[in-house]
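Each chain, letter by letter, is given below.
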Amino acid sequence: MLSYDDSDFFVLKVKFSACPVEASLGILGKKWTLIVLRNIGLYQKQRFNEMLKITPGLTKRILSMRLKELEQENFIRVAEKDKNFTKWELTDKGFDSLAILMVLVRFGSKYYADTVFKDKKPRSLDEVFEETYIQRILADFIPDNEKGHKLVQKTSANKSLA
């Protein structure tokens, strides 16, 4: 477990001119943005009305704004357009953002189980998603060696994907 007394904790290899977390939160920190990415990327709800239906509290106006912003920032693109509907899909940048969602799923499943699950039992990420799906989303975050902090437990099954 990392502690603030750990001298390696604050060692950076490069100097930032701006905080990458703040830069990422410019778009991702807006209310409903991660939920819209979740709808498209994890739930495969790619049409406007599908997203509204599964997202209580999200208004048409806000969904329209977030879709435009995500498209402008190259997280999503129009996959199919008809006179009656538009279907969105993730870009490479959008797919990379799924790792952020997976970390939030992991955190929420562990620390907010009383809200997230009917049985109120905390769950690990591999109890929520199929292992192959986790591996595909988090492939860049699984280290090649057994040292260091890991987001998922490295197994022989996912070594080839790292």
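Residues numbered from 1 in each chain as written. Predicted model: local features only at pLDDT ≥ 70, side-chain atom pairs only at ≥ 80, totals over all residues. Heavy atoms only, no water.

Draft legend 1. Just the pairing of strand β1 (residues 76-81), in detail. Relative to strand β2 (residues 86-90), β1 runs antiparallel, the two being bridged by 5 bridges. For Ile-76, the partnering residue across the bridge sits in β2 and is Leu-90. Counting the residues in the hairpin turn of β1 and β2 gives 4 residues. (Pairing = 2+ DSSP bridges. Helix = DSSP H or I, 4+ residues; strand = E, 2+ residues; numbered from the N terminus.)

Draft legend 2. Spotlight on the environment of Leu-70. Inspection of the secondary structure puts Leu-70 in helix α4 (residues 60-72). A residue is classified by how much of its surface remains accessible, and Leu-70, at 0% relative accessible area, is buried. If we ignore the near neighbours within four places in the chain, the residues touching Leu-70 are Ile-27, Thr-33, Val-36, Leu-37, Phe-75 and Ile-76. (Buried < 20%, exposed > 50% of the residue type's maximum accessible area, 1.4 Å probe, protein only. Contact = heavy atoms within 4.5 Å.)

Draft legend 3. Quick look at the pattern of salt bridges. Applying the stated criterion to the full structure yields 5 salt bridges. In this structure, Arg-123 engages Asp-119 in a salt bridge whose closest nitrogen and oxygen atoms are separated by 2.7 Å. Residue Asp-119 is classed as partly exposed on the basis of its relative accessible area of 44%. Through salt bridges with shared partners, a single network forms among Lys-30, Arg-66 and Glu-69. (Salt bridge = Lys/Arg side-chain N within 4 Å of Asp/Glu carboxyl O.)

Draft legend 4. Expanded view of the side chain of Ser-109. Locating Ser-109 in the fold gives a position in helix α5 (residues 92-111). We classify Ser-109 as buried; its relative accessible area is 4%. Ser-109 has contacts with Phe-117, Pro-122, Arg-123 and Val-128, leaving out every residue within four places of it along the chain.

Draft legend 5. Representation of α5 in the model. If you check α5, its first and last C-alpha atoms are 30 Å apart, about what 20 residues at 1.5 Å a residue would give, namely 28 Å. Close packing links the buried residues of α5 with α2 (33-41), β2, α6 (113-116), α7 (125-128) and α8 (131-138). (Expected span 1.5 Å × (residues − 1).)

Draft legend 6. Structural detail: the packing of aromatic side chains. All told, the structure shown has 3 aromatic pairs when counted by the stated rule. Consider the rings of Phe-107 and Tyr-111, whose centres lie 4.8 Å apart with planes at 45 degrees: the pair is tilted. Residue Phe-107 and its partner Tyr-111 are located together in helix α5, separated by 4 residues, close to a single helical turn. A residue is classified by how much of its surface remains accessible, and Phe-107, at 44% relative accessible area, is partly exposed. Between Phe-107 and Tyr-112 the ring centres are 6.1 Å apart and the planes differ by 50 degrees, which places this aromatic pair in the tilted class. For Tyr-112, a relative accessible area of 45% puts it in the partly exposed group. Among the aromatic residues, those joined into a cluster by ring pairs are Phe-107, Tyr-111 and Tyr-112. Over the face of the ring belonging to Phe-117 we find Arg-123, whose NZ or CZ atom lies 4.2 Å from the ring centre. (Phe/Tyr/Trp six-rings, centres within 6.5 Å; stacked < 30°, edge-to-face > 60°. Lys NZ or Arg CZ within 6 Å of the ring centre and 35° of its normal.)

From the geometry alone we can't say anything about function, so treat these as descriptive.
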